[in-house]
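Coordinate analysis (summary)
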Amino acid sequence: MRMLLIHSDYLEYEVKDKALKNPEPISDEQRKGRLDEVLAVFMSVEKVDESNPDEVVEKAVKEIKDVASQVKAEKIFVYPFAHLSSELAKPDVALKILQKIEEKLKEEGFEVKRAPFGYYKAFKLSCKGHPLAELSRTIVPSGEAVS
Ligand SMILES: NCC(=O)N[C@H]1[C@@H](O)[C@H](n2cnc3c(N)ncnc32)O[C@@H]1CO
């Protein structure tokens, strides 16, 4: 999994068109979303993650918690983003992993939003620009090589 973490004044999105034949079903309310004072986490789930999804979820949540603690962010935006890798996991596996990450972050006490999966979306982001405001992380299941 590849993650781009941006500590932001806000992130807002608006769903445009379907990017998959069968995107995640969403309510009208989910067509737009915004969080202020947020750690935005853009995530590409990779094929290598399919070998142990639960471990990847655990490692991703740990990394996100670590960065959130360093930048003192209490809100997290989980953002499906298929542009950080050329070896993407299948959509059904990717969605399940992102849903589990969202669930676990909520259990940890964060306010969490997850942008809809399988759509093209317009988004606006205001990066805070401090030294830890732009970070990337690569996560793979144990025993797998980082490509
Ligand atoms: N910018 C808009 C967009 O990326 N849209 C993506 C994601 O929402 C989602 N998606 C599909 N596969 C994946 C994956 N492996 N990891 C993350 N998201 C995925 O499906 C869309 C088309 O690839």
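Our subject is the structure listed above.
Let us look at the structure shown here. Predicted model only: the values in this text are computed from it and were never measured.

1. A look at the packing of aromatic side chains
Evaluation of the coordinates by the stated rule reveals 6 aromatic pairs. Here Phe-42 and Phe-81 contribute two aromatic rings whose centre-to-centre distance is 5.1 Å and whose plane-to-plane angle is 70°, an arrangement assigned as edge-to-face. Of the two residues, Phe-42 sits in strand S2 (residues 32-44) while Phe-81 sits in the loop between strand S3 (75-80) and helix H2 (91-107), which places them 39 residues apart along the sequence. Look at Phe-42 and you get buried, because its relative accessible area is 3%. Seen in terms of ring centroids, Phe-42 and Phe-123 are 5.6 Å apart; in terms of plane orientation they differ by 45°. Their pairing is tilted. Of this pair, Phe-42 sits in strand S2 while Phe-123 sits in strand S5 (residues 119-127), placing them 81 residues apart in sequence. Taken together, Phe-42, Tyr-79, Phe-81 and Phe-123 form an aromatic cluster joined through their ring pairs. In this arrangement the basic side chain of Arg-34 is found over the ring face of Tyr-10, its NZ or CZ atom lying 4.3 Å from the centre.

2. Observations concerning the site of the ligand
Of all residues adjacent to the ligand, which total 16 residues, the nearest are Val-45, Ala-82, His-83, Ala-89 and Gly-118. The contact in question runs from a nitrogen atom of the ligand to an N or O atom on the side chain of His-83, over 2.9 Å. Relative to its unbound accessible surface of 490 Å², the ligand loses 90% to contact with the protein. Sorting the residues of the shell around the ligand by element identifies S2 and S5 as the ones contributing at least two each.

3. Digging into the packing of helix H1 (residues 53-71) against H2
With their axes 9 Å apart at the nearest point, H1 and H2 run at an angle of 45° to one another. As judged from the angle between their axes, H1 and H2 are oblique. Handedness of the crossing formed by H1 with H2: right-handed. Residues Pro-53, Asp-54, Val-57, Ala-60, Val-61 and Ile-64 of H1 form the contact with H2, whose participating residues are Ile-97, Lys-100, Ile-101, Lys-104 and Leu-105. Classifying every residue of the contact of H1 with H2 gives 8 nonpolar, no polar and 3 charged.

4. Brief notes about the side chain of Asp-49
Tracing the backbone through its elements, the reader meets Asp-49 in the loop between S2 and H1. For Asp-49, the side chain forms a polar contact with the main-chain nitrogen of Met-1, separated by 2.9 Å.

About the thresholds
Residues numbered from 1 in each chain as written. Predicted model: local features only at pLDDT ≥ 70, side-chain atom pairs only at ≥ 80, totals over all residues. Heavy atoms only, no water. Phe/Tyr/Trp six-rings, centres within 6.5 Å; stacked < 30°, edge-to-face > 60°. Helix = DSSP H or I, 4+ residues; strand = E, 2+ residues; numbered from the N terminus. Buried < 20%, exposed > 50% of the residue type's maximum accessible area, 1.4 Å probe, protein only. Lys NZ or Arg CZ within 6 Å of the ring centre and 35° of its normal. Near = heavy atom within 4 Å. Polar contact = N/O pair within 3.5 Å; in protein donor to acceptor, adjacent residues only side chain to side chain. Areas by Shrake-Rupley, 256 points an atom, 1.4 Å probe, with all protein chains shown as cover. Axes fitted to C-alpha atoms, helices over the stretch in contact; angles between N-to-C directions. Parallel < 35°, antiparallel > 145°, perpendicular 65-115°, else oblique. Left-handed = near helix turned anticlockwise from the far one by under 90°. Contact = heavy atoms within 4.5 Å. Nonpolar A, V, L, I, M, F, W, Y, C, P; charged D, E, K, R; others polar.

By themselves, these are just geometric observations and shouldn't be taken as functional.
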